[in-house]
Amino acid sequence: MYRYIITLSELKKMQSRGTVVLADIREGEDYRKGHIPGAVSVPYDEEQDFLGHFKKTEMIVLYCDRGNLSTRVTARMRRAGYQAYSLSGGYAVYARFQK
């Protein structure tokens, strides 16, 4: 498994320390229907300057619907020097535990 894929539990620990930028990279409509508290909407497919939304000094956690896109984008960001992580299972995992 990739070292930059984190669990929901690990995300919650990071959020409790206040050291993370949580980015929902799904389409804007999906974000409006529901998102993880504290997340900002930065739709990957809609943003021409996606990387311009982040600083290399920030710890960034990305999530999409199920984790596939965010894993690929995270790998790209890490190659570019960002401290990026992907949420395993994406929003679907978060939503499942909210019921």
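Residues numbered from 1 in each chain as written. Predicted model: local features only at pLDDT ≥ 70, side-chain atom pairs only at ≥ 80, totals over all residues. Heavy atoms only, no water.

Engineer: Lay out the nonpolar core with the relevant residues and their values.
Structural biologist: Grouped together as the largest cluster of nonpolar side chains are 19 residues, with contacts concentrated most on L11, L22, I36, V61, Y63 and L87. Elements with a minimum of two residues in this core: strand 1 (5–6), helix 1 (8–16), strand 4 (59–63), strand 5 (83–87) and helix 4 (90–97). Other than its neighbours up to four places away in sequence, Y63 contacts L22, A23, D24, I25, R26, H35, I36, A39, S70, L87, G90 and Y91. Listed in part, the 13 residues of the second largest apolar core include V42, I60, V73 and A84. (Core = buried A, V, L, I, M, F, W, Y, C linked by side-chain atoms within 4.5 Å. Buried < 20%, exposed > 50% of the residue type's maximum accessible area, 1.4 Å probe, protein only. Helix = DSSP H or I, 4+ residues; strand = E, 2+ residues; numbered from the N terminus. Contact = heavy atoms within 4.5 Å.)

Engineer: Lay out the side chain of S86 in plain terms, naming residues and giving numbers.
Structural biologist: You can see S86 is positioned in strand 5. The exposure class assigned to S86 is buried, which follows from its relative accessible area of 0%. For S86, the side chain forms a polar contact with the side chain of S70, separated by 2.8 Å. Those residues in contact with S86 that sit more than four places away from it in its chain are Y4, I5, I6, L62, G67, S70, T71 and T74. (Polar contact = N/O pair within 3.5 Å; in protein donor to acceptor, adjacent residues only side chain to side chain.)

Engineer: Explain helix 1 to me, using residue names and the numbers behind them.
Structural biologist: For helix 1, the complete set of buried residues consists of L8, L11 and M14. Considered in projection along helix 1, the buried side chains sweep an arc of 115° and stay on one side of the axis. Of the surrounding elements, those touching the buried residues of helix 1 are strand 1, strand 2 (21–24), strand 4, strand 5 and helix 4. Just past helix 1, the residue G18 takes up positive phi, approximately 65°. (Arc of directions from axis to C-beta.)

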